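# Breakdown of the fold
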Amino acid sequence: MLAKRIQPMVFQARRLYVELMFQVMGRALQAVSEIDSAVQNEADALPDGFLFEMMVMPNGPRLIVEHTGNGRFHYHGDSAPRPVDLSIQFKHIAHAFLVLSFQEKTSEAFANDRMLVDGDISYAIRMTRVLNRLETFILPKLVAKRAVKEYPSNLHLPEKLLSAARIYLKVATNFVETVRA
């Protein structure tokens with residue numbers, strides 16, 4: 001009987017966690033595109049106006065970012081101004097939770113058939129590299145190594161700490177500005 005009452009609470013807790021992580025990731029993608037030249041180079045290959053979505057199927061939490069040009073992203077929250085160009089979709093909230101809680105790498109989630117890609121696969125690979133780069137900056141090294149396919153050997157602690165601080169400051173500023181609006 002107790003298990004029947006706990007299951008909905010676990011589902012709701014996972015959903016809230018995924019929603020929060022999508023908000024942080026969207027803002028962090030915008031922030032990292034403002035400060036990191038490697039991310040800007042990856043993003044610059046995307047067409048201007050390119051809309052990227054990451055979501056939980058069928059109508060779960062989502063994040064939308066737009067490539068606005070010059071390697072920069074703009075976070076749109078959970079609503080797209082027009083149809084998206086690329087959508088990476090988790091098949092279930094539990095699958096999203098595994099990836100966003102860094103229990104499973106994105107590449108493993110793809111291999112385990114937990115995600116779908118709707119759009120150009122080359123853009124999906126590019127966006128995955130951008131997400132991996134972001135995670136190497138904002139996560140502790142031990143966690144980042146679990147989250148990304150390959151942790152960069154040339155990322156040294158001073159660069160990591162400075163970049164993480166700049167990203168988190170921009171994310172916090174964006175949250176505050178959103179609350180004020």
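Going by the structure above, here's the rest.
Residues numbered from 1 in each chain as written. Predicted model: local features only at pLDDT ≥ 70, side-chain atom pairs only at ≥ 80, totals over all residues. Heavy atoms only, no water.

### Digging into the environment of Glu159
Residue placement: Glu159 occurs in helix H7 (residues 157-180). Looking at Glu159, the relative accessible area reads 34%, which means it is partly exposed. When sequence neighbours within four positions are dropped, the list of residues in contact with Glu159 reads Arg133, Phe137 and Asn154. (Helix = DSSP H or I, 4+ residues; strand = E, 2+ residues; numbered from the N terminus. Buried < 20%, exposed > 50% of the residue type's maximum accessible area, 1.4 Å probe, protein only. Contact = heavy atoms within 4.5 Å.)

### As for the pairing of strand E4 (residues 86-90)
Of all five residues in E4, five are buried, a share of seventy percent or more. Burial along E4 is two-sided: Leu86, Ile88 and Phe90 and Ser87 and Gln89, pointing in opposite directions, are all buried. Here strand E1 (residues 51-56) runs beside E4; their pairing, made up of five bridges, is parallel. Following the sheet pairing, Val56 is matched in E4 by Phe90. Across four bridges, E4 lies against strand E5 (residues 115-118) in antiparallel orientation. Note on E5: the bridge partner recorded for Phe90 is Met115. (Pairing = 2+ DSSP bridges.)

### Examining the packing of helix H2 (residues 37-44) against helix H5 (residues 121-138)
As a packed pair, H2 and H5 sit with axes 9 Å apart at the nearest point and diverge in direction by 165 degrees. Between H2 and H5, the crossing angle belongs to the class labelled roughly antiparallel. Crossing of H2 against H5: the hand is left-handed. Of H5, the residues touching H2 (which contributes Ala38, Val39, Asn41 and Glu42) are Arg126, Arg129, Val130 and Arg133. (Axes fitted to C-alpha atoms, helices over the stretch in contact; angles between N-to-C directions. Parallel < 35°, antiparallel > 145°, perpendicular 65-115°, else oblique. Left-handed = near helix turned anticlockwise from the far one by under 90°.)

### Quick word on the environment of Ala31
Inspection of the secondary structure assignment puts Ala31 in helix H1 (residues 2-35). Look at Ala31 and you get buried, because its relative accessible area is 2%. Distance from Ala31 to Phe11, taken between C-alpha atoms, is 30 Å for residues 20 residues apart in sequence. For Ala31, the contacting residues outside a window of four places in its chain are Ile167 and Lys170.

### Describing unusual backbone geometry
In this structure, Pro58 follows Met57 across a cis peptide bond, with omega equal to -5 degrees. Its location among the elements puts Pro58 in the loop between E1 and strand E2 (62-69). Phi is positive for Asn70, close to 55 degrees, though the residue is something other than glycine. Asn70 sits in the exposed class, given a relative accessible area of 67%. The phi dihedral of Phe102 is positive, around 65 degrees, even though this residue is not glycine. For Phe102, the position within the fold is in the loop between helix H3 (93-100) and helix H4 (106-111).

### Brief notes about the sheet that holds E4
Strands sit in the order E3-E2-E1-E4-E5 across an open sheet of five strands; the sheet is mixed. Each of the sheet's edge strands pairs with one partner strand only, and the pair in question is strand E3 (72-77) and E5. On average, each strand axis in the sheet is tilted by 20 degrees relative to the strand beside it, whichever way the strands run.

Everything listed is a geometric property; what it means functionally is a separate question.
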